[in-house]
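Secondary and tertiary structure notes
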Amino acid sequence: MDKFNEELVKVPFGTKSLDAVLCVPASVNDVRTAVLLTHGTGGDMNFKHLVSLAHALTSDGFLCLRFTCKGLNLGYRVKAYNAVWDYLKTLKRFTLKNIFLGGRSMGSRAAAALARQLSNESEDAVQGVICLSFPLHPPGNTHIHHQRSEDLKMLPESVRVLFVSGTEDNMCNRDLFNEVLKDVKAEAEVFWLQGGSHGLTVKGRSEDSIMDEVNLKVLVWIKEKQRSMAVGELWNRVNISYPCATSTVHTDVTSATVRLFKALLAENDEVLKLLRSKILQTEIRLLYELMYVLNNSYRGNKTFKGLQQVEQCVNRLKNMKLDAALQELVELCPSQIQMAFCKKTGDCDVPSQPMLEWTCLKVLGAGKLLSCTLSRCSRAFILAKQQMKWEEFLVLNVVITSMLSRLWVFFRGLLVSLSNLYQWLLKLLEAVAQAKPMPFLTDMVLPADMMEFLGPSDALVLKKHPAFHAHLKDHKAELQTRKKASAKVTNKKRMRNFQEDLGVAVERERAVRFDGHVKPFFTKSKSVSTLSNKSKKQEFRKQVGEATTFTLMSASLEEMIQWCRSEGKKKTQCLLTFLRLKCQKMKCLEAAGYNVQRKLQVFRQEVCQALSPQGLTVRTFRFPAATKSTTGRRSHSESLRKRFMLSRARTGVKRTGLLGRQKDSELVVYFKDVQKSKAASRRALQIDNPDSNDDIDDIFAIAGL
């Protein structure tokens, strides 16, 4: 073993201090990796397994700091662990790049909880967690594992975890633990010690041999993770070092190479269009405005922290300057005119192998960053959705959720476009490397696919979504329907023009006078056109009734608008054009997964009203039943008024006493009849308050006016 130095240190922890031992390797001048270790419930930093692991790590060139915390509360242990982590970051004599947190038993739970907290603040804060004898549940109580495994499930994918447990551990059931690992997003690896107990002791084996086996496993695991992180540092950097080599090389060009360049430039233009989209810039400005407004009043909220993480990813994507790298690739690739000339000559200047490898690294880094952005958008969306149940800041949370959903859709489309661009870059790189080999990446092999690079969980985003491709099929069907409708309208116009030029009506206009047989001719043609219009509208109504989605409805509306334009029905065309705009909005909601069947029923009625002769009627606040009852009462009162005026005309208008008495008696009888008829009509119409609903015509009828 190499020599190392041990230093007793005091770690500040509030008003107290924690005892700790810092093990520093003597043969290494520049230490880059540190490991923090803590004990379980009933031990301290001098526990034999911890001391053996710390010495083994330090002898191999790692900095190791182990400390003692006697608290039995998990929250208290996490705060103490955080204080030790802060103390390690303040040591100026070490330039630490990688920090691993570790512990035994309850100390491993505290390490996992702290790694979760630090990773939420910064993705690169912790590189890995070492859990020795993780206590998944109390002895015999396997149903409590949900609470203890919560921190493990919430660890991000950037954190690596190593579990070292015994197969006979009464606090970690093996089958149950394997089920828990299925829900863990982090990259986890388990080392099962055959016959080992919770204290990592095995019957028939010495304690030193067991500790040597465990120490070797931990050392190999840390070195493997360091090696993978060192390889990944190239694509994970914001500013990747520019290759000090020629940008272009002169090679032979074939027709296959020309097709390759065309496909590559098409995908590159698609990515640049998305990156420079005004819609994306508007959503990002909205995110910045929300962060500025919520900075003081909303700072301690979980949703605000989720938005902070989304903002960090957006800022990192901007600092990567991916659009500048892709624009430079466009300038290095031959244009369409140059490709046509190169196809004749057979040679051309193309981007060199170092430039293409450098661009591939940029695309890989952007893909990984976009994958992280998607997960953070989803997490912030879930937090904002949970707060909507509290009915507090409801409008604000609606704005946040809608913004995050739009950002997720946009970034997902950008990730898919980058994946397609990466495939064409690899094909061009292979062709250029065979013609003019100039390797730039010597210690790294580029992955064959973006899905392989992102991993199984992130690769699900790149798979073909059935709703998305169904929307594409519907769009193609809609385009085909539009073409058929336009072709029908064009043929109909030609036929109509032909009939108008050679029709009988044009010759009849030359006659000096119109005979009697001319009138039936025009009446017949008018009735025939009316019947054809009615049949066409009935056909359209049938299509509208059979439309089950807004996509099919949009295609039918397009055909109707074309027909109205050909027939000169401007009013109906304007109404249908307005409804088509409304249908486009609802089609977007339908493609996003919303249930719009009820909206579709209402929209179907509006289209049918637009096809009616009077068109869309103005909406009023009067219900149909009230309108019918008013019309019925008015017609009844008009009939009564006519009867009254006829009886008055028969009897005359002389004002004699006899006539006056007769008229008074007739009026009394008549008023009684009117009241009876009104009461009967009210009972038939079921009016609760008849006095308040009297029509003005009834009042005049009673007065005899």
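Details of the structure are given in the entry above.
Fair warning: this is a prediction, and the values are worked out from it, not measured in the lab. (Residues numbered from 1 in each chain as written. Predicted model: local features only at pLDDT ≥ 70, side-chain atom pairs only at ≥ 80, totals over all residues. Heavy atoms only, no water.)

**Thoughts on the overall build of the protein**
Helix and strand counts for the protein come out as 25 helices and ten strands. Partitioning the intrachain contacts of the protein with sequence separation of at least 6 by distance along the chain shows that 78% fall at a separation of at least 24. When the accessible surface of the protein is split by element, carbon and sulfur atoms take 55% of a total near 40,200 Å². (Helix = DSSP H or I, 4+ residues; strand = E, 2+ residues; numbered from the N terminus. Contact = heavy atoms within 4.5 Å. Areas by Shrake-Rupley, 256 points an atom, 1.4 Å probe, with all protein chains shown as cover.)

**Examining the pairing of strand β8 (residues 187-193)**
Two strands pair when backbone bridges link them, and strand β7 (residues 160-166) and β8 are joined in this way by seven bridges, in the parallel orientation. Considered in β8, the bridge of G166 is made with L193. With helix α6 (residues 174-181) bridging β7 and the parallel β8, this β-α-β connection has right-handed handedness. (Pairing = 2+ DSSP bridges. Right-handed = clockwise from strand over helix to strand, strands pointing away.)

**A closer look at a nonpolar patch on the surface**
Nonpolar side chains collect at one region of the surface, where L394, V395, V398 and V399 lie side by side and expose about 320 Å² of accessible area between them. A relative accessible area of 31% means that V399 is categorised as partly exposed. (Patch = residues over 30% accessible without salt bridge, like charges linked within 9 Å, V, L, I, M, F, W, Y side chains within 5 Å. Salt bridge = Lys/Arg side-chain N within 4 Å of Asp/Glu carboxyl O. Buried < 20%, exposed > 50% of the residue type's maximum accessible area, 1.4 Å probe, protein only.)

**Examining helix α10 (residues 302-320)**
Turn by turn, an α-helix covers 3.6 residues, leaving residues three or four places apart pointing in a common direction. The end-to-end C-alpha separation of α10 is 28 Å, in line with the 27 Å expected for 19 residues at 1.5 Å each. Among the residues of α10, T303, F304, G306, L307, Q309, V310, C313, V314, L317 and M320 are the ones counted as buried. Taken together, the buried residues of α10 touch α3 (106-121), α9 (278-297), α11 (322-332), α13 (353-388) and α14 (394-435). (Expected span 1.5 Å × (residues − 1).)

**A few points about the sheet that holds strand β5 (residues 98-104)**
Each strand in a sheet pairs with its neighbour through backbone hydrogen bonds, running either in the same direction (parallel) or in the opposite one (antiparallel). Spatially, the eight strands line up as an open sheet ordered β1-β2-β4-β3-β5-β6-β7-β8, and their pairing is mixed. Of all the strands in the sheet, just β1 (4-13) and β8 have a single pairing partner and so form its edges. Ignoring strand direction, the axes of neighbouring strands in this sheet form an average angle of 20°. Running over the sheet, helix α2 (residues 74-89) touches β1, β2 (16-25), β3 (33-38), β4 (63-67) and β5 and is turned about 120° from β1. Strands β7 and β8 of the sheet are contacted by α6, whose axis makes an angle of about 170° with β8. (Axes fitted to C-alpha atoms, helices over the stretch in contact; angles between N-to-C directions.)

**Examining the pattern of salt bridges**
Applying the stated criterion across every chain, the model contains 15 salt bridges. Between E6 and R66 there is a salt bridge; the shortest N-O distance is 3.7 Å. Note that E6 is positioned in strand β1 and R66 in strand β4, a separation of 60 residues in sequence.

**Re the pairing of strand β6 (residues 128-132)**
Most of β6 sits out of view: five of its five residues are buried. The alternating pattern of β6 places G128, I130 and L132 and V129 and C131 on opposite faces, both of which are buried. By the bridge criterion, five bridges tie β5 to β6 in an arrangement that is parallel. Looking across to β6, one finds that G103 is bridged to C131. Chirality of the crossover, the property in question, places the unit of β5, α3 and β6 among those that are right-handed. The sheet contact formed by β6 and β7 spans five bridges and is parallel. Counterpart to G128 in the pairing with β7 is R160.

**Considerations on the packing of aromatic side chains**
Applying the stated rule across the entire model yields eight aromatic pairs. When the centroid spacing of 5.9 Å and the interplanar angle of 70° are considered together, the rings of F100 and W221 count as edge-to-face. In this pair, F100 is assigned in strand β5 and W221 in helix α7 (residues 207-236), connecting sequence segments 121 residues apart. Each member of the pair, F100 as well as W221, is classed as buried. An aromatic cluster is present here, built from F134, F163, F177 and W192 joined pairwise through their rings. For K427, the ring lying beneath its charged end belongs to W424, and the centroid distance is 4.3 Å. (Phe/Tyr/Trp six-rings, centres within 6.5 Å; stacked < 30°, edge-to-face > 60°. Lys NZ or Arg CZ within 6 Å of the ring centre and 35° of its normal.)

**Things to note about α9**
If you check α9, its first and last C-alpha atoms are 30 Å apart, about what 20 residues at 1.5 Å a residue would give, namely 28 Å. Regarding α9, the residues found buried are L280, E283, I284, L287, L290, M291 and L294. Here the buried face of α9 lies against α8 (255-275), α10 and α14. By the N-cap criterion, in which a side-chain oxygen at the helix start approaches the backbone nitrogen of a residue two or three places on, α9 is capped by S277, the distance to I279 being 3.2 Å. (Polar contact = N/O pair within 3.5 Å; in protein donor to acceptor, adjacent residues only side chain to side chain.)

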